Amino acid sequence: QVQVVESGGGLVQPGGSLRLSCAASMSLDHMYAMAWLRQAPGETREFVARIKSGGETLYLDSVEGRFTISRDNANKNTVYLQMNNMEVADTGVYFCRAETWGENYWGQGTQVTVAS
């Protein structure tokens, strides 16, 4: 069982920035990857970004160039999602997912609201 905890959500104006953090009870080095997904009201959950244990990253097209997923090299249990130039369409609950070689583990989510 891997515990996953997200933090850093909040309210931001369009064009603003937020940084989300995801802390897992297992090092990314021992997983396949860690990922961020989001769910807007009334919508299905969608993939946002992934970082593999080897460092390879992947992004949803609409966030490419605005969002950056990274790992904490000092604390290998933590990844970040830096979100810049945010848009109203980025509003939703953001979930972190720890992707092990067996199961996936989810956090409870953190609310991100982009509004003026």
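To be clear, the structure that these remarks concern was listed above.
Residues numbered from 1 in each chain as written. Predicted model: local features only at pLDDT ≥ 70, side-chain atom pairs only at ≥ 80, totals over all residues. Heavy atoms only, no water.

I'd like a description of the side chain of R50, backed by residues and values.
Within the secondary structure layout, R50 lies in strand β5 (residues 46-52). Within the local environment of R50, its side chain forms a polar contact with the side chain of E99, the two groups lying 2.8 Å apart. Dropping the residues within four chain positions of it, R50 is found in contact with Y32, A33, M34, A35, E56, T57, L58, I69, R97 and E99. (Helix = DSSP H or I, 4+ residues; strand = E, 2+ residues; numbered from the N terminus. Polar contact = N/O pair within 3.5 Å; in protein donor to acceptor, adjacent residues only side chain to side chain. Contact = heavy atoms within 4.5 Å.)

Describe the state of the cysteines, and please don't skip the residues or the numbers.
For the coordinates displayed, the defined rule picks out one disulfide. There is a disulfide in this structure between C22 and C96, and the S-S distance comes to 2.0 Å. Around the S-S axis, the bridge from C22 to C96 shows a dihedral of about -80° and counts as left-handed. Of the two residues, C22 is situated in strand β3 (residues 18-24) and C96 in strand β9 (residues 92-99); the sequence distance between them amounts to 74 residues. An identical accessibility class is assigned to C22 and C96; each is buried. (Disulfide = S-S within 2.5 Å. Buried < 20%, exposed > 50% of the residue type's maximum accessible area, 1.4 Å probe, protein only.)

Run through the pairing of strand β8 (residues 78-83), naming residues and quoting values.
Here β8 lies mainly inside the structure; five of its six residues are buried. In this structure, β3 lies alongside β8, joined through six bridges in antiparallel fashion. Looking across to β8, one finds that L18 is bridged to M83. Summarising the sheet, strand β7 (residues 67-71) and β8 pair through five bridges and their orientation is antiparallel. Bridging across to β8, T68 finds its partner in Q82. (Pairing = 2+ DSSP bridges.)

Geometry only, nothing functional implied.
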